[in-house]
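Listed below, chain by chain, are the residues.
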Amino acid sequence: MGNRTLKAGLFAALAAGALWVLPMSAWAAPVFPEGISADGESLAGKTWEDALHTAEEKVKDQAGTSVALTIEDKKAETTAGELGFHWSNQDEAEKELKSYVGGSLIRQYMNKKDLEKAPVDVSIKTAADPDKIRDFVDTHCDGVLAQPQDASIRRENGAFVITESVLGKVVDADATASALDTAFEGLKDSNGEISVQAVIIEEQPAITSDDLKTIEDVLGTCTTDFSSSGAARSTNLAVGAGKINGRVLMPGEVISGYECLQPFTLENGYKTAAAYENGQVVDSIGGGVCQIATTLYDAALQAEMEIVQRQNHSMIVTYVKPSMDAAIAGTYKDIKIKNNYSTPVYIEGYTSGKKLTFTLYGKETRPSNRQVEYVSETIGTTNPGEPQMITDKSLAPGAKVKVQSAHTGYKSRLWKVVTVDGVEQERTLLNEDTYNASKAMYQSRQPLPLHLKQQKIIHLKLPRQNRLRQRRNIKQLQEKMADRELFPPLQRSPRGIMLVRKARPVPHRRKIHENSRTGSGRI
């Protein structure tokens, strides 16, 4: 009982002292004591809600600060709020401020004594959104300055013509965004405005004039013949060569034949010509472009450029030796070549006099006494076998038409042979290929039986009539024919109506007068 009385007395004494030190109503909302401030503004006598409102209003006022970004003679304006300006350390600041307001009387007494000795100023930190700053810079700095222009090169009358490169003036977006972000740190002393000068740098073009001036030597060339090609295939070769001609490969760059040549459509200039498909010769739009891939491939071999991708044809081609060809079929068969030189390579491609030529130009670095040769070796062959006959009832009896030539199958290899001063130094196996055999194909129709061979084609000359009467006459003639299976339907011709009938027996002594032009006979 005595202990309880002692504790109660001690508590009462402390409470009385606290009330004397902190003259405030025990029932009023707690307020901040003297010595506590936020960003230099005193919070003494303010409740927690009042102090928080004060800090938020201060940040809100700063968010209305105007921001100007100057890009040479142009200016882009916005506000700090639009750039995501916000109270960046709000959670930490609130936690620290709350420790100085409210609590037990003893805690309030201790806080007051501490603040008398060492006043506390809680920093209110602000920042803008880096993503919004970068978007603002990118939006207003894109395209306002001179973009760098690459040098270009073309070949005219056997000589190279270079168009000079132009330096670009571009905004360093990263540096400019960083400058804006730094400017927000001094927003308190900005007098209501932030002004930042965009960081402008010179940018070199990807291809300079000096780079292209190194293009002067022939690194490799190849010419293939297409004298047996028709007009459509010849057109495809000219169109395709033009799509690759004039391209420049920078060091390390890869060119894809398919990407250069596609799409294989009539609108892209191609025509329908023969192509290989599943072991057969078929008509395809762009037929013949594989000769472009082959010629470019062989030129790249001579230049000793890196071959990234190459596949052979399914059947042998005649314009190069086995294992020296390259095919294009969709994206799974392509010719891809990488510039492994330290300088640019210029590709020239054209057709002339039924010949296709590709030449690669650059800066020659190989010794003059070093020579490269590619040797095709045939390992074995496969006979295509007997021709395949396909019945076609639209042909005349006994007719036979060749629709596909026979292709002998091959197994072959390609060797790269390097000599120095005529002495072999290196022999490398590059390709090992298989080409399928394919039979010749004919369309044919069986000849007529012997008893029908004496049929003759005669012309019944009918006067010019309208189509309706002509059809009626033809129908009447057909109805009079005794055996329709032995006679094909009547056909109209410029001279009248053709029909087939058996020739009447002719006495041996009578003479038949043939008309060599019409093939008709008159006794």
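Scope of this entry: the structure provided in the associated data block.

Rules of the game
- Residues numbered from 1 in each chain as written.
- Predicted model: local features only at pLDDT ≥ 70, side-chain atom pairs only at ≥ 80, totals over all residues.
- Heavy atoms only, no water.
- Helix = DSSP H or I, 4+ residues; strand = E, 2+ residues; numbered from the N terminus.
- Buried < 20%, exposed > 50% of the residue type's maximum accessible area, 1.4 Å probe, protein only.
- Contact = heavy atoms within 4.5 Å.
- Areas by Shrake-Rupley, 256 points an atom, 1.4 Å probe, with all protein chains shown as cover.
- Core = buried A, V, L, I, M, F, W, Y, C linked by side-chain atoms within 4.5 Å.
- Pairing = 2+ DSSP bridges.
- Axes fitted to C-alpha atoms, helices over the stretch in contact; angles between N-to-C directions.
- Phe/Tyr/Trp six-rings, centres within 6.5 Å; stacked < 30°, edge-to-face > 60°.
- Salt bridge = Lys/Arg side-chain N within 4 Å of Asp/Glu carboxyl O.
- Parallel < 35°, antiparallel > 145°, perpendicular 65-115°, else oblique.
- Left-handed = near helix turned anticlockwise from the far one by under 90°.
- Nonpolar A, V, L, I, M, F, W, Y, C, P; charged D, E, K, R; others polar.

1. Focus: the overall build of the chain
When helices and strands are tallied, the chain shows 11 helices and 32 strands. The burial tally for the chain puts 37% of its 523 residues in the buried class. Taking as baseline every contact in the chain between residues at least 6 positions apart, the subset at least 24 positions apart corresponds to 72%. Total accessible area computed for the chain in this model is approximately 31300 Å², and 49% of it derives from carbon and sulfur atoms.

2. Notes on the environment of K213
Its location among the elements puts K213 in the loop between α7 (209–212) and β13 (217–225). For K213, a relative accessible area of 47% puts it in the partly exposed group. The contacts of K213, once residues within four sequence positions are left out, are I162 and E164.

3. Some details on the nonpolar core
Core analysis: the biggest nonpolar cluster contains 42 residues, and I244, I292, M305, I347, F358 and L360 have the highest contact counts within it. For this core, the element with the most residues is helix α10 (residues 290–303), which contributes nine residues. If sequence neighbours within four positions are ignored, I244 has contacts with I255, C260, L261, I292, L296, I347 and F358. Counting 40 residues, the second-largest nonpolar core is a separate cluster that includes A80, L115, L180 and L187.

4. Some points on the sheet that holds strand β22 (residues 370–382)
If you trace the three strands from one edge of the open sheet to the other, you get β22-β25-β26, paired in antiparallel fashion. Edge positions in the sheet fall to β22 and β26 (423–435), since each of these pairs with one other strand and no more. When the angles between neighbouring strand axes are averaged without regard to direction, this sheet yields 20°. The strands touched by α10 are β22, β25 (409–420) and β26; relative to β22, the strand with the most contacts, the crossing angle is about 135°.

5. What about the packing of aromatic side chains?
The way to describe two aromatic rings as a pair is by their centre distance and the angle between their planes. Under the counting rule described, the total for this entry stands at five aromatic pairs. Between F160 and Y346, the aromatic rings sit 5.1 Å apart at their centres with planes inclined by 85°, giving edge-to-face as the arrangement. Taken together, the residues F160 in strand β9 (residues 159–163) and Y346 in strand β20 (residues 345–352) connect sequence positions 186 residues apart. Judged by its relative accessible area of 3%, Y346 is buried.

6. A short note on the pattern of salt bridges
Taken as a whole and assessed by the stated rule, the structure comprises 18 salt bridges. E304 serves as the salt-bridge partner of R370, at 2.6 Å between the closest nitrogen and oxygen. With R370 in strand β22 and E304 in the loop between α10 and β18 (306–309), this residue pair connects regions lying 66 residues apart in the sequence. Among the ionic contacts, a cluster of salt bridges with common partners joins E304, E364, R366, R370 and K416.

7. As for unusual backbone geometry
For the bond running from Q262 to P263, omega is 5°, close enough to zero to count as cis. With respect to the element layout, P263 can be found in the loop between α9 (257–261) and β16 (272–277). Its identity as a non-glycine residue notwithstanding, S323 has a phi of 70°, on the positive side. Looking at the secondary structure, you find S323 in the loop between β18 and β19 (336–338). Overall, S323 belongs to the buried group, its relative accessible area being 0%. Positive phi, normally seen in glycine, also occurs at D421, with a value near 55°. Mapped onto the secondary structure, D421 falls in the loop between β25 and β26.

8. A look at the packing of helix α2 (residues 48–63) against helix α3 (residues 90–98)
At a minimum axis distance of 11 Å, the contact between α2 and α3 shows a crossing angle of 150°. If you check the angle between α2 and α3, you find them roughly antiparallel. Where α2 crosses over α3, the two elements pack in a sense that is right-handed. For the pair formed by α2 and α3, the contact residues are W48, L52 and E56 on the first element and Q90, E94, L97 and K98 on the second. The residue makeup of the contact of α2 with α3, split by class, is three nonpolar, one polar and three charged.

9. Here we look at the environment of L395
Mapped onto the secondary structure, L395 falls in the loop between β23 (388–391) and β24 (400–404). When the C-alpha positions of L395 and Q446 are compared, they lie 9.3 Å apart, and in sequence the two are 51 residues distant. Discounting residues that sit within four places of it in the chain, L395 has contacts with V401, Q443, S444 and R445.

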